[in-house]
Amino acid sequence: MTRVELARHSRELHEAAAEAAHCTRCSLYRDATQVVFGEGPVGAPLMLVGEQPGDKEDLAGKPFVGPAGRVLDAALAEAGLDRASTYVTNAVKHFKHEQRGKFRLHKQPTRGEVQACRWWLEQELTLVQPKLVVALGVTAARALLEKPVVLSRLRGQVLEFEGYRAIVTLHPSAILRMRDEAEKDAAFRGLCEDLRFAAKIAG
Ligand code: URA
């Protein structure tokens, strides 16, 4: 990207984020605190795509700042990647949840909600122009590839969609949910390995 394009794309990304703050493309905006748009520089070689903001992200207005974000940050550091140089976003930009007492429990977005939010993901892709997209978990992979996905079958492959290259890996929250320490450890090492692979491809 030339410097002029970089400046234009950065401005347009900023405008898209401002517009997304008023998004009513699906009904999730009704119960969420705010939209959580992606974060990171235009021209970032890597774009990381999660599922949707969690409780902490909904309150902070920033992606991956809660427990899953801490796992992601640790894995990025292990893989020698600087988070500030990557673009981090989610397939769905509002927190979907149900209230249980004083807790807000994560609820999986429907296909329709993912589809409605793809509008924003497409704008982020067009403006950031990443060399490689990393889908963190099944929801992100389905949102990007627009087909049913079995993560274990696609892991380790470089996939193509709409002129972009992508890999799929585990969602950091899946690691947090594991009870067995050895399993957790192996899953974390797998995530680091996938991120190392991503860094190599994105150059
Ligand atoms: N899980 C996600 O998928 N995204 C976030 O931003 C936080 C948790």
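Computed from a predicted structure; not experimentally measured.

Thresholds, definitions, all that
Residues numbered from 1 in each chain as written. Predicted model: local features only at pLDDT ≥ 70, side-chain atom pairs only at ≥ 80, totals over all residues. UniProt positions renumbered as here; feature names shortened; annotations may be inferred. Helix = DSSP H or I, 4+ residues; strand = E, 2+ residues; numbered from the N terminus. Core = buried A, V, L, I, M, F, W, Y, C linked by C-beta atoms within 7 Å. Buried ≥ 20, exposed ≤ 12 C-beta atoms within 10 Å, placed from the backbone. Contact = placed C-beta atoms within 7 Å. Expected span 1.5 Å × (residues − 1). Bend = angle between axes of the 7 residues up to and from the residue.

### Quick notes on the UniProt feature "domain: Uracil-DNA glycosylase-like" (unreviewed entry) in the protein
Part 1 of the reasoning: UniProt's entry tags residues 37-196 with the feature "domain: Uracil-DNA glycosylase-like" (unreviewed entry), counted in the numbering of this structure.
Part 2 of the reasoning: Helix makes up 44% of residues 37-196 and strand 19%, whereas the separation of the span's terminal C-alpha atoms amounts to 25 Å.

### A closer look at unusual backbone geometry
Part 1 of the reasoning: Its identity as a non-glycine residue notwithstanding, Gln-129 has a phi of 55 degrees, on the positive side.
Part 2 of the reasoning: Tracing the backbone shows Gln-129 in the loop between helix H4 (111-128) and strand E5 (132-136).

### Observations concerning the nonpolar core
Part 1 of the reasoning: By size, the foremost hydrophobic cluster in this structure holds 48 residues, and its most contacted members are Val-49, Val-134 and Ala-135.
Part 2 of the reasoning: Per-element accounting of this core gives the leading share, seven residues, to H4.
Part 3 of the reasoning: The contacts of Val-134, once residues within four sequence positions are left out, are Leu-46, Leu-48, Val-49, Ile-167, Thr-169 and Ala-198.

### Remarks on H4
Along an α-helix, residues three or four positions apart point the same way, because every turn accommodates 3.6 residues.
Part 1 of the reasoning: Between its first and last C-alpha, H4 extends 25 Å over 18 residues, near the 26 Å set by a 1.5 Å rise per residue.
Part 2 of the reasoning: Maximum bend of H4: about 35 degrees, positioned at Arg-118.
Part 3 of the reasoning: Looking only at H4, the buried set comprises Glu-113, Val-114, Cys-117, Trp-120, Leu-121, Glu-124, Leu-125, Leu-127 and Val-128.
Part 4 of the reasoning: At its buried positions, H4 is contacted by helix H1 (3-20), strand E1 (46-50), strand E2 (87-90), helix H5 (138-145) and strand E7 (164-169).

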